[in-house]
Amino acid sequence: MRSVPLALYLAGVCLAATTVVALDFGMASPTTVTWPAAGAVPAAPIPTSTTPTSTPTPTSKAGAPPLDTFRSGADLPPGPAFPQHGTGTWRVVPASAGATTGITYTVEVEDGVVLPHGDNSFAAVVDHALRHPRGWAGRYAFRRVGGGVEPELRIRLTSQQTARALCGFELPYDTSCRVGPIVYLSTARWFRGAHTYGDDLRGYRIYAVNHEVGHFLGLGHEVCPQDGAPAPVMMQQTLSVDNDGLASITTGSDQGVVVTPDGKSCTPNPWPSW
Ligand SMILES: [Zn+2]
């Protein structure tokens, strides 16, 4: 049995959760934890369906145009099956000795999640994102470590349902998040990507790593600054790269940024810029 301490939710989740369902792994009934209580939007229940494409359709707010008028949608794209459930524990992908300085991180995969090309296929993308000169490596040094070393940052591939429990599901879209020193990357998105990135699954995966690590580095959400510009890596590109779309999708949910529906539309971009 494993419960999730409330304190873990007090910093920097990608989708700011006002209500979080903490799964009691291995038990039949989830435990609901509300934070904060006042005015919270009721959390969507953890679906029991095994159909990954049955993402609920959000109700349009009065006066807001329907979501399908926007270039991108926040729902999960169609695609291959992916691991939906895990045990709530993670295995560390072994790492060979390398750099001796830098922010230490582990790459981990949730137990019960099997990757068709092995755990190293996940680790390779994470390493690429964190070591590429266009990424955070331009400002920060990172050093991957294996098991037996307490890292400063953990990057965990996490099953869809565990990610929903840990990241919150206030907005009914599968997302990844960062909670304290741990990044949880949802298998739903890792396998399916996002409409905003189309067929560029690798680009989306790099975006997801860089976005959540950006939260770890202390950064909050941003919006599209200029029509036609590359989207900031800290924009919630999983949901939309258009300010109008993002404003509509996140209406009523505090995402740590004010999104003005000003018609500005950016292009997907997985890399930070400075
Ligand atoms: Zn975020």
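Rules of the game
Along each chain, numbering runs from 1 in the same order as the chain's sequence is written. Given that the model is predicted, a residue must reach a pLDDT of at least 70 before its local features are reported, and side-chain atom pairs must reach 80 or more before they are shown or counted; all residues, however, enter totals for whole chains, interfaces and linings. Put simply, DSSP marks the helices as runs of H or I at least four residues long and the strands as runs of E at least two long, and each gets a number from the N terminus on. Exposure in this text rests on C-beta crowding, where 20 or more other C-beta atoms within 10 Å of a residue's own make it buried, 12 or fewer make it exposed, and counts in between make it partly exposed. The C-beta atoms are placed from the backbone. This entry defines residue contacts through backbone-placed C-beta atoms, with two residues in contact when those atoms are within 7 Å. In this analysis, the expected span of each helix is defined as 1.5 Å times one less than the number of residues it contains. The nonpolar core is taken to be a set of buried Ala, Val, Leu, Ile, Met, Phe, Trp, Tyr and Cys residues joined by way of C-beta atoms within 7 Å. An arc is given here, and it is the one of the directions from the helix axis to the C-beta atoms. Every axis corresponds to a line fitted to the C-alpha atoms, with the helix fit spanning only the stretch in contact, and the corresponding angles, defined between N-to-C directions, vary from 0 to 180 degrees. Roughly parallel here means an angle under 35 degrees, roughly antiparallel means over 145, roughly perpendicular means 65 to 115, and every remaining angle is called oblique. In this scheme the handedness of a crossing depends on how the near helix is turned from the far one: anticlockwise by less than a right angle means left-handed, clockwise means right-handed. The rule for pairing is simple: two strands pair if DSSP sees at least two bridges between them. When the strands point away from the viewer and the path from the first strand over the helix to the second turns clockwise, the crossover is right-handed. For every residue, the pLDDT score states the predictor's confidence, bounded by 0 at the bottom and 100 at the top.

A. Examining the overall build of the protein chain more closely. Helices and strands together make up the secondary structure of the protein chain, namely five helices and eight strands. Along the chain direction, N to C, the helices and strands of the protein chain fall in the order β-β-β-β-α-β-β-α-β-β-α-α-α. The proportion of buried residues among the 274 residues of the protein chain is 44%. A fraction of 68% describes how many contacts in the protein chain between residues 6 or more apart in sequence connect residues 24 or more apart.

B. Local environment of helix α4 (residues 201-216). The first and last C-alpha atoms of α4 sit 23 Å apart over 16 residues, in line with the 22 Å expected at 1.5 Å per residue. Here α4 lies mainly inside the structure; 13 of its 16 residues are buried. The positive-phi residue at the C-terminal boundary of α4 is Gly218, with phi of around 100 degrees.

C. Molecular detail of the nonpolar core. Ranked by internal contacts, the top residues of the largest apolar core, which has 41 residues, are Val126, Ile155, Tyr184 and Val209. Elements with a contribution of two residues or more to this core: β4 (103-110), α1 (119-131), β6 (153-158), α2 (160-167), β7 (177-179), β8 (182-186), α3 (187-192) and α4. Looking at this core, the element that brings in the most residues is α4, giving seven residues. Leave out the neighbours within four places in its chain, and Val209 touches Val125, Val126, Ala129, Leu130 and Ile155. Of all hydrophobic cores here, the second largest spans 13 residues; its members include Tyr173, Cys224, Leu246 and Ile249.

D. Main features of α1. In this model, α1 (13 residues) spans 18 Å end to end at C-alpha, consistent with the 18 Å of a helix rising 1.5 Å per residue. Along α1, the residues that are buried comprise Phe122, Ala123, Val126, Asp127, Ala129 and Leu130. Relative to the axis of α1, the buried residues are bounded by an arc of 160 degrees and lie together on one face. For α1, the secondary structure elements touched by its buried residues are β4, β5 (142-144), β6 and α4.

E. Here's a closer look at the environment of Ile206. With respect to the helices, strands and loops of the structure, Ile206 is situated in helix α4. Residue Ile206 is classed as buried on the basis of its 24 C-beta neighbours within 10 Å. For the pair Ile206 and Pro270, spaced 64 residues apart in the sequence, the C-alpha separation amounts to 5.8 Å. Setting aside chain neighbours within four positions, we find Ile206 in contact with Val125, His128, Ala129 and Pro270.

F. The arrangement of the packing of α1 against α4 in detail. With their axes 9 Å apart at the nearest point, α1 and α4 run at an angle of 60 degrees to one another. By the angle class used here, α1 and α4 are oblique. Both α1 and α4 take part in a crossing whose hand is right-handed. Along the contact surface, α1 presents Val125, Val126, His128, Ala129 and Leu130, while α4 presents Arg205, Ile206, Val209, Asn210 and Val213.

G. Representation of the pairing of β4 within the structure. Of all eight residues in β4, six are buried; the element is thus mostly enclosed. Relative to β4, strand β3 (residues 90-92) runs antiparallel, the two sharing three bridges. Its bridge partner being in β4, Val92 is matched across the sheet by Glu108. Across three bridges, the pairing between β4 and β5 is parallel. In the strand pairing of β5, Ile103 is matched with Phe142. Read from β4 through α1 to β5, the crossover connection turns out right-handed. Here β4 runs beside β6; their pairing, made up of five bridges, is parallel. What sits directly across from Thr106, in β6, is Arg154.

H. Structural detail: the confidence of the model for the protein chain. Residues of the protein chain with pLDDT of at least 70 account for 73%, and the chain-wide mean is 80. Below pLDDT 50 for its whole length, residues 16-71 participates in 96 contacts with residues either more than four positions away or in separate chains.

I. Looking closely at the pairing of β6. Burial of β6 is extensive: five of the six residues sit out of reach of the surface. Note that β6 and β8 share five bridges and pair parallel. Note that in β8 the partner of Leu157 across the bridge is Leu185.

J. Geometry of the environment of Gly147. Assignment of secondary structure puts Gly147 in the loop between β5 and β6. For Gly147 and Glu108, which are 39 residues apart along the polypeptide, the C-alpha to C-alpha distance reads 9.5 Å.

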